[in-house]
Each structure stands twice: as C-alpha cells, then as structure tokens.
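Residue-level structural notes
Residues per chain are reported as follows:
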Amino acid sequence: QVQLVQSGAEVQEPGASVKVSCKASGYTFNGYYMHWVRQAPGQGLEWMGWINPSTGATKYAQNFLGRVTMTRDLSITTSHMQLSGLRPDDTAVYFCARSVMGASTKFDFWGQGSLVTVSS
Amino acid sequence: QSVLTQPPSASGTPGQRVTISCSGSRSNIGSNTINWYQQFPGTAPKLLIYSNSQRPSGVPDRFSGSKSGTSASLAISGLQSEDEADYYCATWDDSLNGQGVFGGGTKLTVL
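Let me begin by describing the structure that accompanies this report. (Residues numbered from 1 in each chain as written. Chains lettered and ligands numbered in written order. Predicted model: local features only at pLDDT ≥ 70, side-chain atom pairs only at ≥ 80, totals over all residues. Heavy atoms only, no water.)

**Regarding the overall build of chain B**
For chain B, the helix and strand inventory stands at zero helices and nine strands. Reading chain B from its N terminus to its C terminus gives the helix and strand order β-β-β-β-β-β-β-β-β. Principal axes of the C-alpha set define a box for chain B whose edges measure 40 × 25 × 25 Å. Relative to its full complement of 111 residues, chain B shows a buried share of 45%. A fraction of 57% describes how many contacts in chain B between residues 6 or more apart in sequence connect residues 24 or more apart. If you sum the accessible surface of chain B, you get close to 5,000 Å²; carbon and sulfur atoms cover 45% of it. (Helix = DSSP H or I, 4+ residues; strand = E, 2+ residues; numbered from the N terminus. Buried < 20%, exposed > 50% of the residue type's maximum accessible area, 1.4 Å probe, protein only. Contact = heavy atoms within 4.5 Å. Areas by Shrake-Rupley, 256 points an atom, 1.4 Å probe, with all protein chains shown as cover.)

See the structure below:
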C-alpha cells in the first residue's frame, strides 16, 4: 500500500535551516510528483512547491523562493525539503503529498506531517 | 490572506444539507479544476473531491462538488456528526508563474 512516512519533529533557532524527509513506498517513486504543503498552528494550508523525482526538476511558490530547496534520493525513494533562514512564523506542520502531475493540487496520499518549531 | 476565499465557518444539524463555497478568479478556479480536502485535528488532509466533482474511491456519495466560472462549492447532504471537520478547496493558479493555492478553510460544526 502507498505510504509516505516523514521524519520527526524538530526545534530550530531563528536563522537556522531545517531539512524534512519523506520516505515513499508502495508505488513507483519516480512516477509521481512530490509536493510540500505547510500548516501553521491553527491556520490553513499553504503550498510550498514540488519536485519531479524522475528528473529532479523543481517548482517553488513565490513566497519561498530563495529559502526552500527540494531534493530527492532515488536510491532510498525519499524526498527532502530544506527551508533556510528560519523565522518564528515558519513554525508549522510540514506535509509531503504526491500527485500525478506537477501543475495539480490533486494530492491522493499525504505524509503524516512533521512539526517544525522555530524558537530561541 | 488566502488566494481562494472560503467562509471561516459553517454549521448544520444531522440530516441537513450544507454547502461550502470557494471563490477565486480567472487565473485559478476560472482556468483549472478544483479539489476539496477534509481535515480532522492533528491529521493530514484527505482528498474528498477532485476535478470539480469526482469522488475518490471510498468517499460517500453524500459529498458532492461543483464549479461555475470562478467559484466552486462543496455540498454535504445527510449531514452526520462525523462530518465535523475543516474543509479546504485547492486549485492551480496560472499567475505568479504558476503555483498551487488553497482556500483559508471552513470549520464545519454539526450541531
């Protein structure tokens, strides 16, 4: 069965970077785009970008340009999302989710979420 | 401020029909299909409706979606207590070089 299993919670200081991982199983990893979506406490969902595991191509939301980097490791069917220059308002649960197409918000499977807390 | 506009809250009694609206613009809802998600506290969102009105396998037919122009709506008929959750609309936006956008979410309360 399809599973997206994310790395655990992290606490980082302002200005630092965080790298969240998403291990995929149960399907052909390079056949689906991997998106990242975040949700601040008590707030709505915010799309961050996607990576095409087959080619390594990426597309990032305007709000995160210059701060986010999405990568993948085909050998371990894992996607990573790194966010730098962390600010307190980056405190959120970060989700990975897959889609068939890049230009799509049809996410049929999601990871369980990874809480990132930014605090000094 | 979300690109797609949803009412922050909605409510209904068991058995009632409730609708949740999602308003956008020509560059997003007007040009692309819309998806709806259901989210319970502390869990990941679940795909509820895709391509405006299609239900994934396992989603009850009490849930339906529609789209007209730059607006969309989610309808829940025969409301049940377990439908109490947050609901989000989402679509692709062709402006800003293309990116995914979500509504701000609607908290549905079953009275």
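**Quick look at the sheet that holds strand β1 (residues 3-6) of chain A**
Pairing between the strands of a sheet is mediated by backbone hydrogen bonds and can be parallel or antiparallel. All names here are of chain A. Read across the sheet, four strands follow the order β1-β3-β8-β7 without closing on themselves; strand pairing throughout is antiparallel. In this open sheet, the two edge strands, each paired with only one partner strand, are β1 and β7 (68-73). In this sheet, adjacent strand axes meet at a mean angle of 20° when their direction is disregarded. Two strands pair when backbone bridges link them, and β1 and strand β3 (residues 18-25) are joined in this way by four bridges, in the antiparallel orientation. What sits directly across from Gln-3, in β3, is Ser-25. (Pairing = 2+ DSSP bridges. Axes fitted to C-alpha atoms, helices over the stretch in contact; angles between N-to-C directions.)

**Some remarks on the interface of chain A and chain B**
Buried accessible area, meaning the area lost when the parts come together, often serves as the stated size of an interface. The interface is formed by 21 residues belonging to chain A together with 20 residues belonging to chain B. Both faces considered, chain A and chain B share a buried interface measuring about 1,600 Å² in area, 63% of it formed by carbon and sulfur atoms. At the junction of chain A and chain B, the tally comes to zero salt bridges. Listing elements by their share of the side of chain A that touches chain B, those giving two or more residues are β4 (33-39) and β5 (45-51) of chain A. At four residues, β5 of chain A tops the list of elements feeding residues into the side of chain A that touches chain B. Per-class residue counts for the side of chain A that touches chain B are nine nonpolar, eight polar and four charged. (Buried area = accessible area lost by both parts, 1.4 Å probe. Salt bridge = Lys/Arg side-chain N within 4 Å of Asp/Glu carboxyl O. Nonpolar A, V, L, I, M, F, W, Y, C, P; charged D, E, K, R; others polar.)

**Things to note about the packing of aromatic side chains**
Evaluated as defined, the whole model comprises eight aromatic pairs over all chains. Both rings, one in Trp-47 of chain A and one in Trp-92 of chain B, keep their centres 5.2 Å apart while their planes meet at 80°; by these two values the pair is edge-to-face. You can see Trp-47 of chain A sitting in strand β5 and its partner Trp-92 of chain B sitting in strand β7 (residues 85-93), one on each of two chains. Between the aromatic rings of Phe-95 of chain A and Trp-110 of chain A, the centroid separation amounts to 5.8 Å while the plane-to-plane angle is 80°, which identifies the pairing as edge-to-face. With Phe-95 of chain A in strand β9 (residues 92-99) and Trp-110 of chain A in strand β10 (residues 109-110), this pair connects stretches of sequence that are 15 residues apart. (Phe/Tyr/Trp six-rings, centres within 6.5 Å; stacked < 30°, edge-to-face > 60°.)

**So, the state of the cysteines**
All names here are of chain B. According to the stated counting rule, one finds two disulfides over all chains in the structure shown. Note on cysteine connectivity: Cys-22 is disulfide-linked to Cys-89, with sulfurs 2.1 Å apart. Measuring the twist about the S-S bond at about 75°, one finds the Cys-22-Cys-89 disulfide to be right-handed. Linking Cys-22 in strand β2 (residues 18-23) with Cys-89 in strand β7, this pair joins segments that are 67 residues apart in sequence. Comparing Cys-22 with Cys-89, the two get one shared label, buried. (Disulfide = S-S within 2.5 Å.)

**Brief notes about the nonpolar core**
In this structure, Met-34, Trp-36, Met-48, Met-81 and Leu-83 of chain A together with Phe-102 of chain B are the most contacted members of the largest nonpolar core, which totals 40 residues. Secondary structure elements with two or more residues in this core: β3, β4, β5, β7, β8 (78-83), β9 and β11 (114-118) of chain A together with β7 of chain B. Within the second largest apolar cluster, 22 residues are counted, among which are Ile-20, Ile-49, Leu-74 and Leu-108 of chain B. (Core = buried A, V, L, I, M, F, W, Y, C linked by side-chain atoms within 4.5 Å.)

**Some words on the side chain of Gln-39 of chain A**
Tracing the chain through its elements places Gln-39 of chain A in strand β4. Given a relative accessible area of 14%, Gln-39 of chain A falls into the buried group. Looking at Gln-39 of chain A, its side chain comes within polar contact range of the side chain of Tyr-88 of chain B, at 3.2 Å. With sequence-adjacent residues up to four places away left out, Gln-39 of chain A is seen in contact with Gly-44, Leu-45, Ala-92, Val-93 and Phe-95 of chain A together with Gln-39 and Tyr-88 of chain B. (Polar contact = N/O pair within 3.5 Å; in protein donor to acceptor, adjacent residues only side chain to side chain.)

**Topic: the pairing of strand β9 (residues 106-110) of chain B**
Residues and elements named next belong to chain B. A one-sided burial pattern is seen for β9, the buried positions being Thr-106, Leu-108 and Val-110 and the unburied ones Lys-107 and Thr-109. The pairing of strand β1 (residues 9-12) with β9 spans four bridges and is classified as parallel. Of the residues in β9, the one forming a bridge with Ser-11 is Thr-109.

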